[in-house]
Amino acid sequence: MGKRDIVYGLGENVGGINKRGSLYESFCSDDFDHTPDKSSLYAAHNFILIDGDKQIGLFFDYPGKIAFDIGYTHKDILSITSEKSNIDIYIIEGDNLLHIVQKFRNAIGQSYVPPKWAFGFQQSRWSYPNDKSITEVADNFRRNKIPCDAIYMDIDYMEDYKNFTIDKTKFPNFPNFVKEMKNKGFRLVPIIDAGCKKEDGYDICEEGLENNYYCVDKNGKPFVGAVWPGKVHFPDFLNPDTREWFGDKYSGLIEQGIEGFWNDMNEPAIFYSEDGLQKAFDKIEDIKGQNLDIYSFFDLKSTMLSISNSMDDYKSFYHNVDGEMVNHYDVHNLYGYNMTRAASDSFSSNYPDKRFLLFSRASYVGMHRYGGIWTGDNKSWWEHLELSIKMMPSLNMVGFLYSGADVGGFGCNSNSELVTRWTQFGIFTPLLRNHAALGTRLQEPFSFDSETTDILRNTLNFRYALIPYIYSEFMKSSKTGDMYIKPLSFEYRDEISRRVEDQLLVGDSLMVAPIYKANTFGRNVWLPEDMLLWKVNKYNNIEGLKIAPSGFNYIDVDIDEIPLFIKRDRILILGEHGENVAAINSDEITLIAFVDNCATYKLYDDDGETNQYKAGIFSELIITISKRDDELFNIETKTNGLSKIKKINYNIVTNKGRVLSGIKTI
Ligand code: GLC
């Protein structure tokens, strides 16, 4: 690598947008400590993009462990090592970084498209354990007038953590409850785990055993590991028959009114196996009564810590791939991918015209066709807000447009400032979900003081106002292989823009510069060109629009403000907010445009529920604003006949900073 070459990519992983200087591994890992010393998270996204004298994309299609030494062993050497040689390497050339990504994305297929309600705010917690607690959360949203579209059901909704069951003591009339919640405007989203409880009489366990749907050990016996319910079998998702069987099980919940799922623990996470546990017990037995010194004590400690997700366990079970026994370890990274594929394939065949919300924790390149991902068990740390900012463009490179982090942080206790700043960034990510772990402090938007509730209400109202823009940009990116979120360097080629890691381009019109540090009321922002700055504090209060000049700008950002930058000759579209996505008024929009010469925006929309858009049934409204002189602009609109928009409230800012406002009816 040349001294200033940049290496992008690797999708979900630790580190910066530029991956140089570290060693990474692709091995889907159930690891809740996303610290900088780690080399793998839950996903394996073996795509890198080199920006040097030449720009080049490389995709390593390999299902096992593969290491990317990006200037770690030797600062100028990039070396990639797979453990076996059954690897396909794709070299992708193009005119520029974005073009390379587009070519790669066109090769790996179109990104998953969720229903439109999944762009609303979603609230989760491990766990809201029963119908009463979920109702209380929903009522709190409405009482506080905070918009929300979905509430999550974490593992405690199940009977003894058994997939596809509902605990009747907690949800006495589940279908009715789902209906009631939907009438109030909330979807319920249950979790599905990979491992299925080993228990006589449990239909999923018995059907799987009868039909050889589970992974087996070296003797051909169903492999047993342990997760939440204790002992489980792992469905062999690499076997198409298992996929069809498991995928169809989601229908049981769908028939009760469920429209979205999150697939979890599908690296797969294994707390322990019998063998692993036995080895640990033997060790304890051996050393009982001894004086443990530095070596023996730490040896004991590391034996205990390595019981979970152990390589020995991953090497001890097999998949049936076209009749051949394939060791799990060699194809480890395809497991979560195929679990999500199972669900998605089943939705497509059983409900071909309906879109479902579906996302996964583990993934591999290509899974983006079936669902989105969330970035797993982060912590309520400022560093993890920063990490989530840096991960978003890398995820977009590999097609995971529908993605987001646990807003507010999953593990550890959050505080009002962190939840506020995280939400202020999260409103730009397609998946916007606040989620927290068992035993942590409550962090719903109304859980802090009334000032924070007010700020978060405004922030989330702004998210809903942004949905027409977010949805339009998302859908266009999914169609064309463009990135919904990009690093600055994909559009601006000056050396400073190439190095900026804490500002992002969101869609075609916006740049965001989030606050991601504690006790901070401002920050430096690099502007590669003049941009229009709007410090948003109320979504419908368009005030103080001003041109920020190119170069470094220090921007004051109060706790209730979101600094937003509209690029030159671009247009931002805003809708009305509503208590959920369905309530957003779709016949009126507001636009803010920064027009130097001429700006055009193509606003895409569709029914948000079906797949009719694939057959060309969607609306397009093309808005063109062109300059006549300093005071006069022409606003022209063109539609494909399906747009419902009747009225545009416009705010045009000239290059001299004058704001021209008015209404255009269509
Ligand atoms: C895993 C998931 C987390 C979930 C928890 C309990 O840690 O990543 O999101 O809350 O399991 O199901």
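This is a predicted model, so every value here is computed, not measured. (Residues numbered from 1 in each chain as written. Predicted model: local features only at pLDDT ≥ 70, side-chain atom pairs only at ≥ 80, totals over all residues. Heavy atoms only, no water.)

## Overview of helix α6 (residues 274-287)
Condition: In this text, helices come from DSSP runs of H or I with a minimum length of four residues, and strands from runs of E with a minimum of two, each type numbered from the N-terminal end. To estimate the expected span of a helix, subtract one from its residue number and multiply by 1.5 Å. To sort residues, take the accessible area from a 1.4 Å probe on protein chains only and compare it with the maximum for the residue type: under 20% means buried, over 50% means exposed, and anything in between is partly exposed. What the arc describes is the spread of directions from the helix axis to the C-beta atoms. What makes two residues a contact is simply this: any of their non-hydrogen atoms within 4.5 Å.
The terminal C-alpha atoms of α6 lie 20 Å apart, and with 14 residues this matches the ideal 20 Å at 1.5 Å per residue to within 8%. Among the residues making up α6, those that are buried are Gly276, Ala280 and Ile287. Down the axis of α6, the buried side of the element spans an arc of 40°, and every buried residue falls inside it. Seen from the open side of α6, the exposed residues pointing more than 90 degrees away from its buried face are Asp275, Glu285 and Asp286. Where α6 is buried, its residues contact β16 (272-273) and α7 (294-305). One or two steps after α6, the chain reaches Gly289, where phi turns positive at roughly 85°.

## What about the environment of Asn396?
Residue placement: Asn396 occurs in helix α10 (residues 382-397). Along the sequence, Asn396 and Trp262 sit 134 residues apart, while their C-alpha atoms lie 19 Å from each other. Once residues lying within four places of it in the same chain are set aside, the contact partners of Asn396 are Arg105, Leu401, Met483, Tyr484 and Ile485.

## Here we look at the domain arrangement of the protein chain
Keep this limit in mind: Domains are outlined according to an automatic or database domain assignment.
Once the domains are mapped, the protein chain shows domain 1 (1-107), domain 2 (109-270 + 308-374), domain 3 (272-307) and domain 4 (382-410 + 417-441 + 450-666). Between domain 1 and domain 3, the C-alpha centre-to-centre distance is 36 Å.

## Comments concerning the pattern of salt bridges
This is how it is decided: Counted as salt bridges are all cases of a side-chain nitrogen of Lys or Arg within 4 Å of a carboxyl oxygen of Asp or Glu.
Applying the stated criterion across every chain yields a total of 45 salt bridges. With a closest N to O distance of 3.0 Å, Asp51 and Arg493 form a salt bridge. Separated by 442 residues along the polypeptide, Asp51 in strand β4 (residues 47-51) and Arg493 in the loop between β25 (485-487) and α13 (495-499) bring together distant segments of the chain. We classify Arg493 as partly exposed; its relative accessible area is 42%. A salt bridge links Lys283 to Asp299, with the nearest nitrogen and oxygen atoms 2.7 Å apart. Of this pair, Lys283 sits in helix α6 while Asp299 sits in helix α7, placing them 16 residues apart in sequence. According to the relative accessible area criterion, Asp299 is partly exposed, its value standing at 35%. Counted as one network, the salt bridges with shared partners bring together Arg4, Asp51, Arg493, Glu495, Arg498 and Arg499.

## As for the UniProt feature "domain: Glycoside hydrolase family 31 N-terminal" (unreviewed entry) in the protein chain
Put simply, the test is: UniProt positions are given in the numbering used here, feature names are shortened, and annotations may be inferred rather than shown by experiment.
Per the UniProt entry, the sites bearing "domain: Glycoside hydrolase family 31 N-terminal" (unreviewed entry) are residues 4-69 in this numbering. As a span, residues 4-69 carries 0% helix and 41% strand, and end to end its C-alpha atoms are 17 Å apart.

## Some words on the sheet that holds strand β12 (residues 196-197)
Note the cut-off: Here the rule is simple: two strands pair whenever DSSP picks up at least two bridges between them.
Here we have four strands laid out as an open sheet, ordered β12-β14-β13-β16, and antiparallel in their pairing. Lying at the two open borders of the sheet, with one neighbouring strand each, are β12 and β16. Of the strand pairs in this sheet, β12 and strand β14 (residues 230-233) are connected by two bridges, and their pairing is antiparallel. Note that in β14 the partner of Lys197 across the bridge is Val232.

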